[in-house]
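Coordinate inspection notes
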Amino acid sequence: MIVGQSSVMQKLRADIASVGATDFTVLVEGESGVGKELVAYGIHHASPRRRGPFVAVNCAALVETLLEAELFGIEERTATGVRGRRGKFELAEGGTLFLDEVADLSVGAQAKLLRVLQDMSVERVGGESVRAVNTRVIAATNRRLSEQMRARQFREDLYYRISGVELEVPPLRARREDIPLLTEHLLNRHRHGREIGVSAAALDALMAFDWPGNVRQLERVLERAIALGPGATVEVSDLPIAVTRGYRDLLEELPRGTETLRAWSSRYVRVVLDRCEGNKRRACDQLDISYHTLRAYLAFAQGASRGDAQTS
Ligand SMILES: Nc1ncnc2c1ncn2[C@@H]1O[C@H](COP(=O)(O)OP(=O)(O)OP(=O)(O)O)[C@@H](O)[C@H]1O
Ligand SMILES: [Mg+2]
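Residues numbered from 1 in each chain as written. Chains lettered and ligands numbered in written order. Predicted model: local features only at pLDDT ≥ 70, side-chain atom pairs only at ≥ 80, totals over all residues.

A few words now on the overall build of the protein. Helix and strand counts for the protein stand at 14 helices and 11 strands. For the protein, whose C-alpha radius of gyration is 25 Å, the value lies well above the compact-globule estimate of 20 Å for 312 residues. Each of the 312 residues in the protein was classed as buried or not, and the buried ones make up 31%. For the protein, restricting intrachain contacts to residue pairs at least 6 apart in sequence, the fraction spanning at least 24 positions comes to 73%. (Helix = DSSP H or I, 4+ residues; strand = E, 2+ residues; numbered from the N terminus. Rg over C-alpha atoms; globule rule 2.2 N^0.38 Å. Buried ≥ 20, exposed ≤ 12 C-beta atoms within 10 Å, placed from the backbone. Contact = placed C-beta atoms within 7 Å.)

Ligand 1 sits among 17 residues. The nearest are Ser32, Gly35, Lys36, Glu37 and Val215. Elements supplying a minimum of two residues to the shell around ligand 1: helix H2 (36-45), helix H8 (179-190) and helix H10 (214-228). Considered class by class, the residues forming the shell around ligand 1 number six nonpolar, seven polar and four charged. Both domain 1 (7-170) and domain 2 (175-253) contribute no fewer than three residues apiece to the shell around ligand 1. (Near = placed C-beta within 6 Å. Nonpolar A, V, L, I, M, F, W, Y, C, P; charged D, E, K, R; others polar. Domains from an automatic or database assignment.)

Within strand S8 (residues 136-141), six of the six residues are buried, leaving the element largely enclosed by the surrounding structure. Residues Arg136, Ile138 and Ala140 of S8 are buried on one face, and the alternating residues Val137, Ala139 and Thr141, pointing to the opposite face, are buried as well. Strand direction decides the pairing type here: strand S1 (residues 26-29) and S8, joined by four bridges, are parallel. Considered in S8, the bridge of Val28 is made with Ala140. Pairing of strand S5 (residues 96-100) with S8 involves four bridges; the strand directions are parallel. Its bridge partner being in S8, Leu97 is matched across the sheet by Val137. (Pairing = 2+ DSSP bridges.)

On to helix H1 (residues 7-20), then. Here H1 is 14 residues long and its end C-alpha atoms lie 20 Å apart, about the 20 Å a rise of 1.5 Å per residue gives. Of all the residues in H1, the buried ones are Met9, Leu12, Ile16 and Val19. What you see down the axis of H1 is that its buried residues fit within an arc of 90°, all on one side. Projecting away from the buried face of H1 at angles above 90 degrees are the exposed residues Gln10, Lys11, Ala14 and Ser18. Of the surrounding secondary structure, the elements contacted by the buried residues of H1 are S1, H2 and strand S9 (165-168). (Expected span 1.5 Å × (residues − 1). Arc of directions from axis to C-beta.)

Along its sequence, the protein is carved into domain 1 (7-170), domain 2 (175-253) and domain 3 (256-312). A C-alpha centroid distance of 26 Å is found between domain 2 and domain 3.

Rendered as structure tokens:
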């Protein structure tokens, strides 16, 4: 299940449904841990192939010679002691083949993959005949494949062959408003029957962090908190110091001297707006205030920085 109610995730869900209905090859891009495999599975699940297999291959995990046998299969007795087996393309017959970390394919493997995608048929290593395959390919990468291509590390023809439809999964820090729901979802996944919640302060800390490792990192942090925390509530003290440092700094900063609630609020609004990369609509959504109210806070902040609004 893909959790998230932010506008970017709603858009992504709609895109998954519409590309699911087609048989196009899809390229899923996004930083590590953002949920690329989940999105690929979502496309498979939304497609007419949903009853067929979903087969994942990590292209970074295998050297070129092994990868070929893994993808295309190998014929019995190709070398002494080798047992014949089907490749992932054949195993994904009638379903979807997920090529993870596709940017890590060697140049030789890229050429072979291109040929298979063009003909939709595979030849097993050491084999003589060619078999047709009926598989939908979804590829994923955490590097910008277009840049890899321009740097001549990725074949241009293969790039165009697999990037007909591109879906970008945004980093978690660009959709912080999803953190509460994700936290609840991930706590449920790992609580093993225990009753467990999260304190408001801990949730604030989770929302303030930048999550370079995205949802996967959030999941690890929560797993650790469940395992090590004794109580029924995850507290700030159950979170790694690296995660809570920014939040603790923020706490120490607030309130400043005799700062009024209005002055503090407008400062807070500015912080949220920065985190939304200046996107006022998203800031309004996150703060649950109207555009008009947001503008009033920003005007106040400007006045305050000029020193003429201290008393209001
Ligand atoms: N939107 C989401 N809702 C629920 N769970 C999510 C979501 N996004 C990611 N996850 C969970 O986070 C973990 C990482 O997701 P996934 O493996 O799909 O990411 P990835 O982008 O493929 O990561 P990597 O680049 O490390 O391979 C998984 O346990 C997945 O179930
Ligand atoms: Mg992955």
